[in-house]
Amino acid sequence: MAMLKDVSSCSTSVVRELDKQIITQVNLLIPNNALISFADLNVVAGGDAVWPLLQPAAKAALQRAINERGKTLVVNSAYRTIAQQFILVNNKIRCNLPKVAPVGKSNHQSGLALDIEDHEGWKPYLGKYGWQWFGPGDNVHFSFGGEGNPNAQSGKIAAIKAFQKLWNLNNPDRTLTVDGDVGPMTFGRLGESPLEGFSKGEKSSVNPLRRIVGLNMQGEDVREVQLALIQMNFNLQADGIFGAGTEAAVKKFQQDKGLTADGVVGMATLNKLGLLV
């Protein structure tokens, strides 16, 4: 059985099944300030491990910023479980990560943080609605309400307690104190956790963000777009390669649907293609 401590990958997507159980526990702990999905906004994923979850006030502010700029926001990280943070901490040197907070100390564990692309372009819009830029030390990172937001600490504590409760449910003979602190015992048990999730524990049904698709990209996401266009009578081959022919078809589709005809398949185009889940 593969454990969290065995992960040598620089991607945290390998722990998605355990993540789902932890996220469910978090929402059980903070039902009045729950993590909610922002996958319905004009956003796409810049990676495979993005959980599109924020606290409600943070989502509302994000929506206002996106609406005002009128562009698709590419998100590289949003909510991050302590299991994901463990992987980053454990592999910081191997993966050449310049800045990684200790497990349970990152604002990503509070549901009040985003790492995004085009941070300079988004800075005035996010800043207007309460999203503070971290600075040149981590220029992709924004925190809602800043590092001093009182909801940040409660969110981090809930992230840790969620794991401690999940561990105890599955290990009644080796229980942890549910104190919201990542001490040596909790850190060690986290490393012993199974990547595929525990035998006991509900799994969150949160849908991941779709990835943005554009020129020169390859893969299953591209093929899905091609198949959707073929269903709409575009003359394409579903080869999974986003070449000039696919770009031209996307632009024509966008034009027909009253979208910006830029040839990039973002959230609005995915929605019109019927590919959002």
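Being a predicted model, the structure only gives us computed values, none of them experimental. (Residues numbered from 1 in each chain as written. Predicted model: local features only at pLDDT ≥ 70, side-chain atom pairs only at ≥ 80, totals over all residues. Heavy atoms only, no water.)

Student: Tell me about the overall build of the protein chain, and please be specific about residues and values.
Tutor: Scanning the protein chain from terminus to terminus reveals 9 helices and 7 strands. The C-alpha atoms of the protein chain give a radius of gyration of 20 Å, which matches the 19 Å a tight globule of 277 residues would have. A principal-axis box enclosing the C-alpha atoms of the protein chain has dimensions of 60 × 45 × 35 Å. Residue burial in the protein chain is summarised as follows: out of 277 residues, 49% are buried. A separation threshold of at least 6 residues defines the contact pool for the protein chain, and within that pool the share at least 24 residues apart is 65%. The average position of the 28 basic charges and that of the 25 acidic charges among the side chains of the protein chain differ by 3 Å. (Helix = DSSP H or I, 4+ residues; strand = E, 2+ residues; numbered from the N terminus. Rg over C-alpha atoms; globule rule 2.2 N^0.38 Å. Buried < 20%, exposed > 50% of the residue type's maximum accessible area, 1.4 Å probe, protein only. Contact = heavy atoms within 4.5 Å. Lys, Arg positive; Asp, Glu negative; His and termini not counted. Charge placed at Lys NZ, Arg CZ, Asp CG, Glu CD.)

Student: Explain the side chain of Arg-16 residue by residue, including any values.
Tutor: As for its placement among the helices and strands, Arg-16 is situated in helix 1 (residues 16–29). One buried charged residue, Arg-16, remains without a salt bridge, the closest side chain of opposite sign being Asp-19 at 5.6 Å. With sequence-adjacent residues up to four places away left out, Arg-16 is seen in contact with Asp-48, Ala-49, Val-50, Trp-51 and Pro-208. (Salt bridge = Lys/Arg side-chain N within 4 Å of Asp/Glu carboxyl O.)

Student: Explain the nonpolar core to me, using residue names and the numbers behind them.
Tutor: Membership of the largest hydrophobic core comes to 29 residues, with the highest contact counts inside it found for Leu-4 and Tyr-79. In this structure Tyr-79 touches Ile-23, Val-26, Leu-35, Trp-51, Leu-53, Gln-84, His-108, Gln-109, Ser-110, Gly-111 and Ala-159, once residues within four positions along its chain are discounted. Leu-41, Val-43, Trp-131 and Phe-142 belong to the second-largest nonpolar core, a separate cluster that totals 27 residues. (Core = buried A, V, L, I, M, F, W, Y, C linked by side-chain atoms within 4.5 Å.)

Student: Outline the packing of helix 2 (residues 56–69) against helix 4 (residues 119–128), supporting the account with residue identities and numerical values.
Tutor: Running from N to C, helix 2 and helix 4 cross one another at 130°; their axes reach a closest spacing of 8 Å. By the angle between their axes, helix 2 is oblique relative to helix 4. Judged by the sense of rotation from one axis to the other, the crossing of helix 2 with helix 4 is right-handed. Judged by residue contacts, Leu-62, Ala-65, Ile-66, Glu-68 and Arg-69 of helix 2 engage Gly-121, Trp-122, Tyr-125, Leu-126 and Lys-128 from helix 4. In the contact of helix 2 with helix 4, the residues fall into 6 nonpolar, 1 polar and 3 charged. (Axes fitted to C-alpha atoms, helices over the stretch in contact; angles between N-to-C directions. Parallel < 35°, antiparallel > 145°, perpendicular 65-115°, else oblique. Left-handed = near helix turned anticlockwise from the far one by under 90°. Nonpolar A, V, L, I, M, F, W, Y, C, P; charged D, E, K, R; others polar.)

Student: Please give an account of the packing of helix 7 (residues 220–231) against helix 8 (residues 244–256) that cites residues and values.
Tutor: A pair of packed helices is characterised by two quantities: the angle between their axes and the separation of those axes. Viewed as axis vectors pointing N to C, helix 7 and helix 8 meet at an angle of 55°, and their least axial separation amounts to 11 Å. Taken together, helix 7 and helix 8 sit at an angle that is classed as oblique. Considering only the axes of helix 7 and helix 8, their crossing is left-handed. Contacts from Val-225, Gln-226 and Leu-229 of helix 7 reach helix 8 at Thr-246, Ala-249, Val-250 and Phe-253. Considered class by class, the residues forming the contact of helix 7 with helix 8 number 5 nonpolar, 2 polar and no charged.

Student: Residues and numbers for the packing of aromatic side chains, please.
Tutor: Any two aromatic rings considered together are summarised by their centre-to-centre distance and by the angle between their planes. For the structure shown, the criterion picks out 5 aromatic pairs. With a centroid separation of 6.4 Å and 70° between ring planes, the pair formed by Trp-122 and Tyr-125 is classed as edge-to-face. Placement of both Trp-122 and Tyr-125 in helix 4 is noted, with a separation of 3 residues, approximately one turn of the helix. Accessibility expressed as a relative area gives 2% for Trp-122, which makes it buried. Taken together, Phe-163, Trp-167 and Phe-198 form an aromatic cluster joined through their ring pairs. One cation-aromatic arrangement involves Arg-69 over Trp-122; the distance from NZ or CZ to the ring centre is 4.8 Å. Stacked on the ring of Trp-133, the Lys or Arg Lys-123 has its end atom at 3.7 Å from the ring centre. (Phe/Tyr/Trp six-rings, centres within 6.5 Å; stacked < 30°, edge-to-face > 60°. Lys NZ or Arg CZ within 6 Å of the ring centre and 35° of its normal.)

Student: Give a detailed account of the side chain of Gln-226, specifying residues and quantitative values.
Tutor: Relative to the helices and strands, Gln-226 resides in helix 7. Residue classification places Gln-226 among the buried positions, given a relative accessible area of 0%. With residues near it in sequence (within four places) discarded, Gln-226 still touches Leu-236, Gln-237, Ala-238, Asp-239, Gly-240, Ile-241 and Thr-246.

Student: Let's hear about the state of the cysteines: which residues, and what values?
Tutor: Within this structure, the stated rule accounts for 1 disulfide. Between the sulfur atoms of Cys-10 and its disulfide partner Cys-95 the distance amounts to 2.0 Å. Judged by the sign of its S-S torsion, about -95°, the bond between Cys-10 and Cys-95 is left-handed. Of the two residues, Cys-10 is situated in the segment before helix 1 and Cys-95 in the loop between helix 3 (82–90) and strand 5 (113–116); the sequence distance between them amounts to 85 residues. (Disulfide = S-S within 2.5 Å.)

Student: Tell me about the sheet that holds strand 7 (residues 141–144), residues and numbers included.
Tutor: Taken together, 5 strands build an open sheet; the order of strands is 2-4-5-7-6 and the sheet is mixed. The strands lining the two open edges of the sheet, one partner per strand, are strand 2 (43–45) and strand 6 (131–133). Neighbouring strand axes in the sheet, compared pairwise and without regard to direction, differ in orientation by 40° on average. Bridging between strand 6 and strand 7 involves 3 bridges; their strand directions are antiparallel. In the sheet register, Trp-133 faces strand 7, and the bridge partner there is Phe-142. (Pairing = 2+ DSSP bridges.)

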